[in-house]
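Below are the chains, spelled out letter by letter.
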Amino acid sequence: MQVAQENAISADCCIVGGGPAGLMLGYLLARAGLRAVVIEKHPDFLRDFRGDTIHPSTLEIMRQLGLLDELLTLPHQRAEKLQAEVAGEEITMADFSRLPVECRFIAFMPQWDFLNFLAKKAAEFPGFTLLQSTEFNDFIYENGVISGVKTLQGNECHIIRTALVVGADGRNSQVKAKAGLTGKSFGAPRDVLWFRLEKHPDDPQLGMGHKGPKQNFIVIDRGDYWQCGYTIQKNQLDELKLAGLGALKSTMAQVAPFSAERMAEVDEWDKLKLLSIRIDRLDRWMKPGVLCIGDAAHAMSPIGGVGVNLAIQDAVAAANMLTKPLQQGNVALHDLQKVQQRRQFPTVATQFLQIKMSSNKRKRSTPSKVPQIISRFPFLRHLFGRLIGLGFRTEKPRYL
């Protein structure tokens, strides 16, 4: 396959992956006057069941950037608290009412709407370029130093000249793989089957959270439909398929807040989307000329819906640390190391809590003590609200 030299473009930074981290970083760099190219392998952002919880930490960043009011004109639902039903008891797991930010709620917004919004705002700056239907293929080296990337658009191969490549291409990052970056996996005992149920006029007001006597049925209000999740044991899907779709629907109906008849909407396996839960992180997020952020650097469990927001925080930290070196045309390895040093603690601390919360050590038949603990120490719901809503370290855009 020939590289089309005539189609080569130059950029201060090439960002692989048009997700929340990639588009936020591209926006911030372009806003600072840099040339940022974001490549995205899909033609659009339309994907079902992607993380679309926008936490107070991200909403605060949007406020600081002057984008909040316009963002909140897009369709969304708000949750000032996170509710859960545990052992038949409804409890408040997290309360955001005391957070020291303007938006004390989680906004549930389809991720494609959020990404389209970021892409539109980034496109207002002359230095921003978004290349869709464009895949990362490999690095380009000159004298052993990364000097760009090869990309694929259909059957054509093009090049982007740049001194810095940022991998924001998710947990199955090709940038991470091609760069030879290694890490640790901490496993996870459960997976999630996501599906939709249409709303009915007499449906209860469920909001979002775990709804079901065994804590393994999740319901999120998406406005005109319910996004439902049923947690299963890791790698159990093949076994469930052997037992048949009818058996699975019968089991789900026992823990769902809906009647068994509602499960008729799930009439084929293709309507169930498997989320294989992973918790892992790279030992080193970088090598000369390459940096990984977001899920490419640290895959998170969906517990708390924090993955998108940690990715956004990574992007802000990267922009803060790298804008000046990029403007000077000299991004050294120690500049990239500063990004990981800044974001390492919140990553490790968040994953530690997720691992503890998803531990399989407690027998499934043993009643959870969470309701009693929350009832005895009500301040915990505000503490959890802070940990989920703001995380362990917030970032503020430096170049406003």
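Nothing here was measured: the structure is a model prediction, and the numbers come from that model. (Residues numbered from 1 in each chain as written. Predicted model: local features only at pLDDT ≥ 70, side-chain atom pairs only at ≥ 80, totals over all residues. Heavy atoms only, no water.)

Go over the pattern of salt bridges with me, naming the residues and quoting the values.
Inspection of the entire model under this criterion finds 14 salt bridges. For Arg35, the salt bridge is made with Asp12, and the minimal N-O distance between the two is 3.3 Å. Of the two residues, Arg35 is situated in the loop between helix H1 (20-31) and strand S3 (36-40) and Asp12 in the loop between strand S1 (9-10) and strand S2 (13-16); the sequence distance between them amounts to 23 residues. What makes Asp12 buried here is its relative accessible area of 18%. The closest approach of N and O atoms between Lys271 and Asp267, which form a salt bridge, is 2.9 Å. By relative accessible area, which is 36% here, Lys271 ends up partly exposed. Taken together, the shared-partner salt bridges in this structure form one network comprising Asp314, Arg342, Arg343 and Glu395. (Salt bridge = Lys/Arg side-chain N within 4 Å of Asp/Glu carboxyl O. Helix = DSSP H or I, 4+ residues; strand = E, 2+ residues; numbered from the N terminus. Buried < 20%, exposed > 50% of the residue type's maximum accessible area, 1.4 Å probe, protein only.)

Go over the environment of Asp191 with me, naming the residues and quoting the values.
Summarising the element assignment, Asp191 is placed in strand S15 (residues 190-198). Exposure remark for Asp191: the relative accessible area of 2% places this residue in the buried category.

Quick rundown of the sheet that holds strand S4 (residues 53-54)? Include the residues and the values.
Read from one edge to the other, the open sheet built from three strands follows the order S4-S8-S5, with strand pairing classed as antiparallel. What marks the edges here is a single partner per strand, and that holds for S4 and strand S5 (77-79). With three bridges connecting them, S5 and strand S8 (residues 106-108) associate as antiparallel partners. Its bridge partner being in S8, Arg78 is matched across the sheet by Ala107. (Pairing = 2+ DSSP bridges.)

I'd like a rundown of helix H8 (residues 307-328), residues and numbers included.
Over its 22 residues, H8 runs 32 Å from end to end, which matches the ideal 32 Å to within 8%, given 1.5 Å per residue. Where H8 bends most, the angle comes to about 45°, and this point is Leu322, followed within four residues by the proline Pro325. Burial analysis of H8 places 18 of its 22 residues in the buried class, the great majority of the element. A positive phi of about 75° marks Gly329, the residue just after H8. (Expected span 1.5 Å × (residues − 1). Bend = angle between axes of the 7 residues up to and from the residue.)

Tell me about the side chain of Gln354, and please be specific about residues and values.
Checked against the element boundaries, Gln354 lands in helix H9 (residues 333-357). Using a relative accessible area of 2% as the deciding quantity, one classes Gln354 as buried. Apart from residues lying up to four places away in sequence, Gln354 is in contact with Ile279, Met300, Ser301, Ile303 and Val306. (Contact = heavy atoms within 4.5 Å.)

Kindly report on the environment of Arg47, identifying the contributing residues and their values.
Structurally, Arg47 can be placed in the loop between S3 and S4. With 64 residues separating them in the primary sequence, Arg47 and Gln111 have C-alpha atoms 8.2 Å apart. Setting aside residues up to four positions removed in sequence, Arg47 forms contacts with Glu40, His42 and Trp112.

I'd like a description of the pairing of strand S10 (residues 135-142), backed by residues and values.
Examined bridge by bridge, S10 and strand S11 (residues 145-153) share seven bridges and lie antiparallel to one another. Across the sheet, the residue bridging to Phe139 is Val149, located in S11. Taking the residues that link successive antiparallel strands as the turn, the S10-S11 hairpin has two residues, and the phi of Asn143 there is positive, at about 55°.

I'd like to hear about the packing of helix H2 (residues 56-64) against H8, residue by residue, with values.
Between H2 and H8, the shortest axis-to-axis distance is 9 Å and the interhelical angle comes to 40°. Taken together, the axis directions place H2 and H8 in an arrangement best described as oblique. Relative to H8, H2 is oriented so that their crossing is left-handed. In this structure, H2 contributes Ser57, Thr58 and Ile61 to the contact, and H8 contributes Asn309, Ile312, Gln313 and Val316. Classifying every residue of the contact of H2 with H8 by side-chain character gives three nonpolar, four polar and no charged. (Axes fitted to C-alpha atoms, helices over the stretch in contact; angles between N-to-C directions. Parallel < 35°, antiparallel > 145°, perpendicular 65-115°, else oblique. Left-handed = near helix turned anticlockwise from the far one by under 90°. Nonpolar A, V, L, I, M, F, W, Y, C, P; charged D, E, K, R; others polar.)

If you had to explain unusual backbone geometry to someone new, which residues and values would you point to?
Even without being a glycine, Ser133 presents a positive backbone phi close to 55°. Within the secondary structure, Ser133 sits in the loop between strand S9 (128-132) and S10. Of note, the phi angle at Asn235 is positive, near 65°, even though the residue is not glycine. Positionally, Asn235 belongs in the loop between strand S18 (225-233) and helix H6 (237-243). Exposure remark for Asn235: the relative accessible area of 66% places this residue in the exposed category.

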